[in-house]
Amino acid sequence: MTNFMHRIAGGRLLAAIAALAMTLGGLFAFRALPVDAFPDVTPSLVQVFTETEGLAPEEVERYVTYPIETAMSGLPKLKSMRSVSNFGLSVVNIYFEDGTDVYFARQVVGERLAEARGNIPDGFGDPQMGPISTGLGIILYFRLDDTSGTRDLVEMREIQDWIIKYQLQTVPGVTEVLSLGGFEKQYQVRLDPDALLAYDIQIGDVIGALERGNKTEGAQFLEIGAEQYTVRGVGLARSVDDLAEIVVNVDDGRPVRVRDLGEIVIGGGVRQGLATANGQGEVVAGLVLKLYGTNTSDVIARVQQRFEEINASLPEGVTAVPYYDQGTLVNKAAATVTTALWQGGLLVALVVFVFLGGWRPSLVVVLSIPFSVGFAFIAMNVLGISANLMSLGGVAIAIGMMVDGDTAQ
C-alpha cells in the first residue's frame, strides 16, 4: 500500500513538472512566433518578370511569355502556370504544390531561366524572378521631403535609388525596396533630323557609337626593359561633355561627333504614374517588402531604426519620412486576440469554480488550460504558423471546447 501511494505521489509530481515545462515552453514559443494581422494564405508561387521595350502584347506573348512557359513545363511539384502579356511587360506566375519550400521552387525556376533566356530573341528583355515576398509583404511606405525646395524630382529620385534603397535592403528581413514617383535620371541624346540627313548617319550608328565610346577596355601589357606597362583604354563617360565628344563617323577626314548631331541633356525617363502627398504636389516615395516568413513587427522595428541612421547621412534638407506601416494594425490585432485569450481563460476558470463548487476539482480543469495552450503554441512554432487573428482566435475558442470536455468527464 505504501509503495502504491509513493507511486501515485511520484506520478503527480511528474505530471506537474511536465505541465509546468509545457506551459513555460509554450510561453517562449509564443514570443518567438511571427506576428501578423492576418494569415498569409498565398500559395507557393514564383513570379518571373520580363521588361520588353515597346513591344505590343501580341509580340510579348509570342517572343517572351511563350518561351518562358515552355521552359518551365515539367518542373518538379509544378501545379499550374498563368501569365499576363502587357505592353512592354511579361508576367509569368508559376504555382507549386502546397507545402513546397519557396527556396526550392526558386532554385528549380532559376535553373530553367537559363534555357528560357536562350529562346528569347536578343533585345527582347531579360527575365528575372520577383522578390521573395507575397501580397501581404508590403509592410511600410515612406516619402522624401525636401525642406530646402531646391531639388527637382530627378534629384530626389536619384537619392532614393542610390542612397536610401541600398541601405534599407541591408536590414535583416527586408527583401526588396521599390520606388514610386519622380523621374529616373537619364542622359538623353536629342538628335536633329536635319543633321542626320546632312551627314548621312542613321540613328543606329549613333547608338552603336555611344555603346563603343562609353566603356573602358582592357588590353595586354608591354615589357620595356625591366618594367611592365599595362595597356588600358579608358573611355568611360563621366559627364555630358564626355558623351558629346564621342565620334560617330568621319566625313572627309573630319570627325563627326555626337554634339554635331544634336544636344545631350539630363532628363527623366518616361513614366506611367506619379505619387502625391497631402494634395501638395508630387513627391518621391517608396515601399518596403519583407522577406517571406519573417516576423512583421520585428522587421518594421528594424526598418524604423534604420531610417534614423539614413536621415543622418542624407543631403541637407532631405529627410525620409515613413507615413504608413503594418505595425499599428499588427499590434492592435494581436493585442485584441491576446486580451480575449487571457480574459476567456479567466472567465472559464470562474465559471468552472462556480459550477463545480470546489477549488480542487476546479483546479484540475483550469490547469489544463495553460498546458494545452502552451502545447498549441509549441506546435505553431514547429509548423511555422504565425500568431494572427485566425490562429489565436482558434486557440481562444478551443479553450471553451476543451473545458467542456474536461467537465463532462
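A brief look at the structure comes next.

### Some details on the overall build of the protein
When helices and strands are tallied, the protein shows 12 helices and 14 strands. Rg of the C-alpha trace for the protein: 32 Å, well past the compact-globule value of 22 Å for 409 residues, more than 25% over. Expressed along its principal axes, the backbone C-alpha trace of the protein runs to roughly 120 × 60 × 55 Å. Relative to its full complement of 409 residues, the protein shows a buried share of 33%. Taking all contacts inside the protein whose residues are at least 6 apart in sequence as the whole, residues at least 24 apart take part in 72%. Accessible surface for the protein amounts to roughly 24,500 Å². Of this, 57% is attributable to carbon and sulfur atoms. Computed over 29 positive and 46 negative side-chain charges, the separation of the two mean positions in the protein equals 11 Å.

### Focus: the pairing of strand β8 (residues 217–224)
The buried fraction of β8 is low, at zero of eight residues. Of the pairings in the sheet, the one linking β8 to strand β9 (residues 227–233) comprises six bridges and is antiparallel in character. Bridge assignment links G218 to a residue of β9, and that residue is R232. Taking the residues between adjacent antiparallel strands as the criterion, β8 and β9 are bridged by two residues, where G225 takes a positive phi near 65°.

### Observations concerning the environment of E217
With respect to the helices and strands, the residue E217 is situated in strand β8. Under the relative-accessibility criterion, E217 is labelled partly exposed at 41%. It is 36 Å that separates the C-alpha atoms of E217 and I310, two residues lying 93 residues apart in sequence. In this structure E217 touches R232 and G233, once residues within four positions along its chain are discounted. In terms of polar contacts, E217 uses its side chain to reach the side chain of K215, at 3.2 Å.

### Structural notes on the sheet that holds strand β6 (residues 174–180)
Working definition: the strands of a sheet are paired by backbone hydrogen bonds and lie parallel or antiparallel to each other. Strands sit in the order β6-β13-β5-β14 across an open sheet of four strands; the sheet is antiparallel. Looking at the sheet topology across the chains shown, the edges are occupied by β6 and β14 (318–325). Between one strand and the next, the sheet's axes are offset by a mean angle of 25°, whatever the strand orientation. Alignment of strand β5 (residues 138–146) against strand β13 (residues 284–290), held across six bridges, turns out to be antiparallel. Paired with I138 across the two strands is L289, which belongs to β13.

### Here's the deal with the packing of helix α4 (residues 153–168) against helix α8 (residues 296–313)
Interhelical geometry of α4 versus α8 gives an angle of 150° and a closest axis separation of 10 Å. On the basis of the axis angle, α4 is roughly antiparallel to α8. For the pair α4 and α8, the sense of crossing is right-handed. In contact with I164, Q167 and L168 of α4, α8 contributes V303, R306, F307, I310 and S313. When grouped by side-chain class, the residues that make up the contact of α4 with α8 number five nonpolar, two polar and one charged.

### Some points on the sheet that holds strand β2 (residues 78–86)
On the basis of which strands lie adjacent, the open sheet formed by four strands has the order β2-β3-β1-β4 and antiparallel pairing. Each edge of the open sheet carries a strand with a single partner, namely β2 and β4 (128–129). Sheet analysis places strand β1 (residues 45–51) next to strand β3 (residues 89–96), joined by seven bridges and oriented antiparallel. Bridge pairing links E51 to L89 in β3.

### Here's the deal with a nonpolar patch on the surface
A cluster of nonpolar residues, F38, L136, Y323, Y324, L329, L389 and M390, forms a patch on the protein surface that exposes about 670 Å² of accessible area. Mapped onto the elements, Y324 comes out in strand β14.

What counts and how
- Residues numbered from 1 in each chain as written.
- Predicted model: local features only at pLDDT ≥ 70, side-chain atom pairs only at ≥ 80, totals over all residues.
- Heavy atoms only, no water.
- Helix = DSSP H or I, 4+ residues; strand = E, 2+ residues; numbered from the N terminus.
- Rg over C-alpha atoms; globule rule 2.2 N^0.38 Å.
- Buried < 20%, exposed > 50% of the residue type's maximum accessible area, 1.4 Å probe, protein only.
- Contact = heavy atoms within 4.5 Å.
- Areas by Shrake-Rupley, 256 points an atom, 1.4 Å probe, with all protein chains shown as cover.
- Lys, Arg positive; Asp, Glu negative; His and termini not counted.
- Charge placed at Lys NZ, Arg CZ, Asp CG, Glu CD.
- Pairing = 2+ DSSP bridges.
- Polar contact = N/O pair within 3.5 Å; in protein donor to acceptor, adjacent residues only side chain to side chain.
- Axes fitted to C-alpha atoms, helices over the stretch in contact; angles between N-to-C directions.
- Parallel < 35°, antiparallel > 145°, perpendicular 65-115°, else oblique.
- Left-handed = near helix turned anticlockwise from the far one by under 90°.
- Nonpolar A, V, L, I, M, F, W, Y, C, P; charged D, E, K, R; others polar.
- Patch = residues over 30% accessible without salt bridge, like charges linked within 9 Å, V, L, I, M, F, W, Y side chains within 5 Å.
- Salt bridge = Lys/Arg side-chain N within 4 Å of Asp/Glu carboxyl O.

Any link to function would need more than the numbers given here.
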